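Structural features, examined
Chain by chain, the residues:
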Amino acid sequence: MAHLLNDAMQTVIPAGFPLFREQLHLSFAEIGWVAFVLNVTASILQPLIGYYTDKRPMPSLLPLGMMFSLAGMVGLAYSSSLAMLLLSVAAVGIGSSVLHPESSRVAHMAAGKGRGLAQSVFQVGGNTGQAFGPLLVALVLVPQGQPGFLWFTLLAAAGLAIQVGVARWYKPRVTGARGQRGAAPSPQADAAMPGKKTIVFVLSVLILLLFSKFVYLAGMNGYYSFYYMDRFQRPLADAQVCLFVLQFAGMVGTLLGGPLADRIGRKNVIWFSIFGTAPFALLLPYAGPTLAMLLCVPIGLILMSGFSVIIVYAQELLPGKVGTVAGLFFGLSFGMAGLGSVALGWLADATTVSLVIRMSAFLPLLGIVAFWLPKDRR
């Protein structure tokens, strides 16, 4: 639930880009910098916080992170300049960077023998929040404008109350958790380590796949609303419903991806989750408003199914380094989305937003490199 509330607040920012552009008179490049600050704040801090709290757990960080998000929501409601907007967005990014590593660790501690199920439920919470973000923009921000962000302080307050309770459960268990984290990797884990060249090659392929996935999503979340409104002459609320369909389908895909990978293999799900999106993504820029909404279902369903599988695949490649791998890949996902937003915003200013959406549609074709990954057994 805390993950749902956090990601809902984080997602309303890119979903509200048309609102910021109109009220603060921002260029597409400046919109890109807003997305960059939001994502890179979490990208840089998240692995650092995870690394630090692995050695020194801090239950108080959980409610503190929600306090940063609450401050960010208030700032977004009253931002009258780009500088104030960036500062408010950075506060939300800091809150998100605290929640992901610490709450993921708590879910792991609470899971007992069902760790895979616990992590899936935790991840789906975030995807559900992302799905409701555009819908909340349509229902709250479109009719009320920028002051509507004050309503989202209620989400932050609810998250704060939840995290206070979680921190109370977490605190007395810190000592036992520290002992588990301090254990040395087993000899079997060391023996299972592949060669350095294999590790570098496989990680490079996985990072390229993350690049194609998250830059494409940055284009959709940040700029598809502009394209949709301009091409179909529809209001912002209609465009947000289209993004809601994309995110909601992604939530279902996340829930299905892990069990499917257990049945047919992680490599198969990884390549299909990127490359299998390509036909629908390439058709989307040329579809009408109804077909576009329908196409968002397979795009979200397929594209979102592979992220957790990619992380598990990398963790199995590097046994004994679960936290390091998770921090690296979550951090890269935020960072690539931020850099992609800046690049696409600059391109939209230099050309048209229509060209940005059409060029982004080719990114899932990079999923073909997943065929080079070693098979699961190997």
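All chains use their own residue numbering, which begins from 1 and follows the written sequence. In keeping with the model being predicted, local features are shown solely for residues with a pLDDT of at least 70 and side-chain atom pairs are shown and tallied solely at 80 or more, while totals for entire chains, interfaces and linings include all residues. Side-chain calculation: all heavy atoms of the structure are included, whereas hydrogens and water are not.

Bringing the overall build of the protein chain into the picture now. A run of H or I in DSSP becomes a helix once it reaches four residues, and a run of E becomes a strand once it reaches two; helices and strands are each numbered from the N terminus. In terms of helices and strands, the protein chain carries 17 helices and zero strands. Computed over the C-alpha atoms, the radius of gyration of the protein chain is 20 Å, within 12% of the 21 Å expected from 2.2 N^0.38 for a compact globule of 378 residues. Seen through its principal axes, the protein chain has C-alpha atoms that stretch 60 × 45 × 30 Å. Here the protein chain has roughly 16400 Å² of accessible surface; of this, 69% comes from carbon and sulfur atoms. In this description the radius of gyration comes from C-alpha coordinates, and the expected globular size is given by 2.2 Å times residues to the power 0.38. Accessible areas in this description were obtained via Shrake-Rupley with a 1.4 Å probe; residue shielding takes into account the shown protein chains only.

Turning next to the confidence of the model for the protein chain. Here the protein chain averages 84 in pLDDT, while 90% of its residues score no lower than 70. pLDDT measures how confident the predictor is about each residue, on a scale from 0 to 100. When pLDDT is averaged over each element of the protein chain, helix 13 (residues 278–283) comes out on top at 96 and helix 9 (residues 187–192) at the bottom at 52. The contact criterion used is simple: two residues touch if any of their non-hydrogen atoms lie within 4.5 Å. Counted against residues more than four places away or in other chains, residues 179–186, with its pLDDT under 50, gives six contacts.

The next point concerns a nonpolar patch on the surface. On the surface, a cluster of nonpolar side chains totalling about 330 Å² of accessible area is made up of Val74, Tyr78, Met84 and Leu150. Mapping Leu150 onto the fold places it in the loop between helix 6 (115–144) and helix 7 (153–170). The classification of residues rests on relative accessible area computed with a 1.4 Å probe and restricted to protein chains. Under 20% of the type maximum is buried, over 50% is exposed, and intermediate values are partly exposed. The exposure class assigned to Leu150 is partly exposed, which follows from its relative accessible area of 32%. Like-charged residues are merged into a patch within 9 Å and nonpolar side chains (Val, Leu, Ile, Met, Phe, Trp, Tyr) within 5 Å, provided each residue has over 30% relative accessible area and no salt bridge. Whenever Lys or Arg places a side-chain nitrogen within 4 Å of a carboxyl oxygen from Asp or Glu, that contact is recorded as a salt bridge.

Right, let's talk about the packing of aromatic side chains for a bit. Ring pairs are drawn from Phe, Tyr and Trp, using the six-membered ring of Trp, whenever the two centres fall within 6.5 Å, and their geometry is named by plane angle: stacked under 30 degrees, edge-to-face over 60, tilted for the rest. If you walk through the whole model with that rule in mind, you get 15 aromatic pairs. Centre to centre, the rings of Tyr228 and Phe232 are 5.0 Å apart; their planes meet at 75°, and the pair counts as edge-to-face. Within this pair, Tyr228 and its partner Phe232 are both found in helix 10 (residues 196–232), separated by four residues, close to a single helical turn. Taken as a pair, Tyr228 and Phe232 share a single burial class, namely buried. Of note, Arg21 hangs over the ring of Phe28, and the distance from its end group to the ring centre comes to 4.0 Å. Charges are assigned to positions over rings by a cutoff of 6 Å between ring centre and Lys NZ or Arg CZ, combined with an angular limit of 35 degrees from the ring normal.

Below, the discussion takes up the side chain of Ser69. Mapping Ser69 onto the fold places it in helix 4 (residues 61–78). The buried category is assigned to Ser69, whose relative accessible area is 1%. Those residues within four positions of Ser69 in sequence are excluded, and the remaining contacts are Asn6, Met9, Ala91, Val92, Gly95, Ser96 and Ala156.

A few words now on helix 1 (residues 2–15). Here the expected span of a helix is defined as 1.5 Å times the quantity of residues minus one. With 14 residues, helix 1 extends 20 Å from end C-alpha to end C-alpha; this agrees with the ideal 20 Å at 1.5 Å per step. Most of helix 1 sits inside the fold, with 13 of its 14 residues counted as buried.

For His25, which is not glycine, the phi torsion reads 55° and is therefore positive. In this structure, His25 sits in the loop between helix 2 (17–24) and helix 3 (28–55). Phi at Gln233 takes a positive value of approximately 55°, unusual for a residue other than glycine. Secondary-structure assignment places Gln233 in the loop between helix 10 and helix 11 (236–264).

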